[in-house]
Amino acid sequence: LFFYAKSLTARDFSLKKGDMAHLLPFIISSVYFAWIYHFRSLQTKLEILDSYRTEGSIVLDLMTIALNLLILGYLVASFRTLARHRREVREAHSFLGKVNLAWLRLVLYGFLVIWALSILALILYRAGLNSALPSSLVIVLDFVFVNLVALMGLRQPEIFCGGQDAPKYNGS
């Protein structure tokens, strides 16, 4: 969402070599999980899962916290990017923001709510209070969220074209 928000709010946005650093958390966690879990036998995987359920894992908990802090950081950066764009458009009294970005704010808030419920479900699970309510809400909100994005895409197709006009069909 962060790079998508940047692509809609910057005139000539393109990914640069420095943006590759944003892949580091993904690469590090992928290598870590491949090494400690995915390359193991089925029996070892079952033992790992069982030990996590009964004893927990400080490394996995720390990685989960780090991942969620990254998600929160990207959400904050996306909100700031959107706010800066709105301020610039307002100051310039321009029609540069042809695409109404209110839907992007809605998507960001929706993502924030789903993220917060996921955190709540994780905290309740780690505290031994296994409530199905937060997890069920996350599943329902994920469904609503995906369908809402699809509906917005159908009503305003230019949101998926990087702020450009959607292609028009001539004489069908």
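Parameters at a glance
- Residue positions are given per chain, counting from 1 as you read along its sequence in written order.
- The predicted nature of this model means local features are confined to residues of pLDDT at least 70 and side-chain atom pairs, given and counted, to a pLDDT of 80 or more, with totals for whole chains, interfaces and linings taken over all residues.
- Side-chain metrics rest on all non-hydrogen atoms present in the structure, leaving aside hydrogens and water.
- Secondary structure is summarised from DSSP: a helix means a run of H or I of at least four residues, a strand means a run of E of at least two, and numbering begins at the N terminus for each.
- Exposed residues in this analysis have more than 50% of their type's maximum accessible area, buried residues have under 20%, and partly exposed residues fall in between, with area computed by a 1.4 Å probe over protein chains only.
- Working definition of accessibility: Shrake-Rupley area with a 1.4 Å probe, residue cover restricted to the visible protein chains.
- Values of pLDDT, ranging from 0 to 100, describe the predictor's confidence in every residue of the model.
- In this analysis, a patch consists of residues with relative accessible area above 30% that form no salt bridge, clustered at 9 Å for like charges and at 5 Å for the nonpolar side chains Val, Leu, Ile, Met, Phe, Trp and Tyr.
- Basic side-chain nitrogens of Lys or Arg form a salt bridge, by our definition, when they fall within 4 Å of a carboxyl oxygen of Asp or Glu.
- Charge counting follows a simple rule: Lys and Arg are positive, Asp and Glu are negative, and His as well as the terminal groups are ignored.
- Note that the charge is assigned to NZ on lysines, CZ on arginines, CG on aspartates and CD on glutamates.
- Definition of nonpolar core: a set of buried residues of the types Ala, Val, Leu, Ile, Met, Phe, Trp, Tyr and Cys, connected through side-chain atoms within 4.5 Å.
- Only heavy atoms enter the contact rule, under which two residues are in contact if any of them lie within 4.5 Å.
- Each axis is a line fitted through C-alpha atoms, and for a helix only the stretch in contact is used; angles between axes span 0 to 180 degrees, taken between their N-to-C directions.
- Just so you know how the angles are binned, under 35 degrees is roughly parallel, over 145 roughly antiparallel, 65 to 115 roughly perpendicular, and the rest oblique.
- Each crossing gets its hand from how the near helix is turned against the far one by less than a right angle, where anticlockwise is left-handed and clockwise is right-handed.
- Only Asp, Glu, Lys and Arg are considered charged in this grouping, and only Ala, Val, Leu, Ile, Met, Phe, Trp, Tyr, Cys and Pro are considered nonpolar; every other residue, Gly among them, is considered polar.

**Q** Honestly, the overall build of the chain in this entry has me stumped. Any pointers?
**A** Within the chain, the secondary structure is distributed over six helices and zero strands. Starting at the N terminus and ending at the C terminus, the chain contains elements arranged as α-α-α-α-α-α. In the chain, buried positions account for 20% of the 172 residues. With the model as given, the accessible surface of the chain reaches about 12500 Å², and the carbon-plus-sulfur share is 67%.

**Q** Sorry if this is basic, but what is going on with the confidence of the model for the chain here?
**A** Fine structural detail should not be taken from predicted coordinates in areas where pLDDT scores are low. For the chain, per-residue confidence averages 78 on the pLDDT scale, and residues scoring 70 or more make up 83% of the total. Confidence, expressed as mean pLDDT per element, reaches its minimum in the chain at helix H6 (residues 132-155) with 78 and its maximum at helix H2 (residues 24-38) with 88.

**Q** Looking at this model, I keep getting lost on a positive patch on the surface. Mind explaining?
**A** Judged by side-chain charge, Arg80, Arg84, Arg86, Arg87 and Arg90 come together as a positively charged surface patch. Residue position: Arg84 is located in helix H4 (residues 58-92).

**Q** Just to check I follow, could you spell out the nonpolar core for this structure?
**A** Nonpolar side chains tend to gather and get buried jointly when the protein is soluble and globular. The biggest cluster of nonpolar side chains holds 15 residues, and the ones touching the most others in it are Leu8, Leu82, Leu101, Trp103, Leu104, Val107 and Leu108. Mapped by element, the contributors of at least two residues to this core are helix H1 (2-9), H4, helix H5 (102-126) and H6. For this core, the element with the highest residue contribution is H5, accounting for six residues. Each residue touching Leu104, except ones within four places of it in the same chain, is listed here: Tyr4, Ala5, Leu8 and Leu82.

**Q** What is the right way to read the packing of H5 against H6 from this model?
**A** Each pair of packed helices can be described by the angle between their axes along with the distance between the axes. Where H5 meets H6, the axes come as close as 9 Å, and the angle between the chain directions of the two elements is 165 degrees. Compared by their axis directions, H5 and H6 come out roughly antiparallel. When you trace H5 past H6, the crossing you get is left-handed. Every residue of H6 that contacts H5 at Trp103, Leu106, Val107, Gly110, Phe111, Val113, Ile114, Leu117, Ser118, Leu120, Ala121 and Leu124 is listed here: Pro134, Ser135, Leu137, Val138, Leu141, Asp142, Phe145, Leu148, Val149 and Met152. Broken down by class, the residue content of the contact of H5 with H6 amounts to 18 nonpolar, three polar and one charged.

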